[in-house]
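Chain residues, written in single-letter form:
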Amino acid sequence: EWFREAIAAPVAPDEFRRQMDWMAVQRQLKAVGIFVRLNLRDNKPSHLQHVVPTVQHLVRLCAQYAELAPLGNLLQAQLPTLQARLDQQQPPAVQP
């Protein structure tokens, strides 16, 4: 029965957006970890191409909230190193 009350509880649009954004941060961090695990443990590098764009999106999302700004700053500071390491992992594109 508790879930009926939770569903009926009014949530302001701004609060709903904040909750969705914070959940997105958690899910995207998890996804980045999974992408890296697929490469390291399972030798499946196909998802590595999504790591940098996902982290860039996280940086933009974190910048919208003062509480998440330190995380965004940390991620932003690590982006060049992350990109360089991923560039070493991926073979160069094949020229036709």
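Sequence order as written defines residue numbering, which begins from 1 separately in each chain. At least 70 in pLDDT is required for a residue's local features to be given in this predicted model, at least 80 for side-chain atom pairs to be given and counted, and no such filter applies to totals for whole chains, interfaces and linings, which use all residues. Note that the side-chain values use all heavy atoms of the structure and ignore hydrogens as well as water.

1. Considering the side chain of T54
Helix numbers and strand numbers start at the N terminus; a helix is a DSSP run of H or I with at least 4 residues, a strand a run of E with at least 2. By secondary structure assignment, the location of T54 is in helix α3 (residues 51-62). Contact definition: two residues touch when any of their heavy atoms are within 4.5 Å. Leave out the neighbours within four places in its chain, and T54 touches Q28, V32 and F35.

2. Overview of the confidence of the model for the chain
Per-residue confidence from the predictor is reported as pLDDT, a score between 0 and 100. For the chain, mean pLDDT is 89; residues scoring 70 or higher make up 89% of the total. Per-element confidence in the chain ranges from a low mean pLDDT of 70 for helix α1 (residues 2-8) to a high of 97 for α3.

3. Here we look at helix α4 (residues 69-89)
With 21 residues, α4 should cover 30 Å at 1.5 Å per step; its first-to-last C-alpha distance of 29 Å lies within 8% of that length. Within α4 the residues assigned to the buried category are G72, L75, L79 and L86. Looking at the buried positions of α4, the neighbouring elements they touch are α3. To estimate how far a helix should extend, the number of its residues minus one is multiplied by 1.5 Å. The cut-offs for exposure are 20% and 50% of the maximum accessible area for each residue type, with area from a 1.4 Å probe on protein chains only; residues under the lower value are buried, those over the upper are exposed, and the others partly exposed.

4. Considering the packing of helix α2 (residues 13-40) against α3
The contact between α2 and α3 brings their axes to 10 Å, and the two run at 160°. Here α2 is positioned roughly antiparallel relative to α3, judged by the angle of their axes. At the point where α2 passes α3, the crossing takes the left-handed sense. Contacts from D21, A24, V25, Q28, L29, V32, F35 and V36 of α2 reach α3 at V51, T54, V55, H57, L58, L61 and C62. Class assignment for the residues of the contact of α2 with α3 results in 11 nonpolar, three polar and one charged. Helix axes are fitted to C-alpha atoms over the stretch in contact, other axes to C-alpha atoms as well, and angles between N-to-C directions run from 0 to 180 degrees. Each angle receives one of four descriptions, namely roughly parallel if under 35 degrees, roughly antiparallel if over 145, roughly perpendicular if within 65 to 115, and oblique otherwise. Left-handed describes a crossing whose near helix is turned anticlockwise from the far helix through less than a right angle; right-handed describes the clockwise counterpart. Classification convention: Asp, Glu, Lys, Arg as charged; Ala, Val, Leu, Ile, Met, Phe, Trp, Tyr, Cys, Pro as nonpolar; all other residues, Gly among them, as polar.

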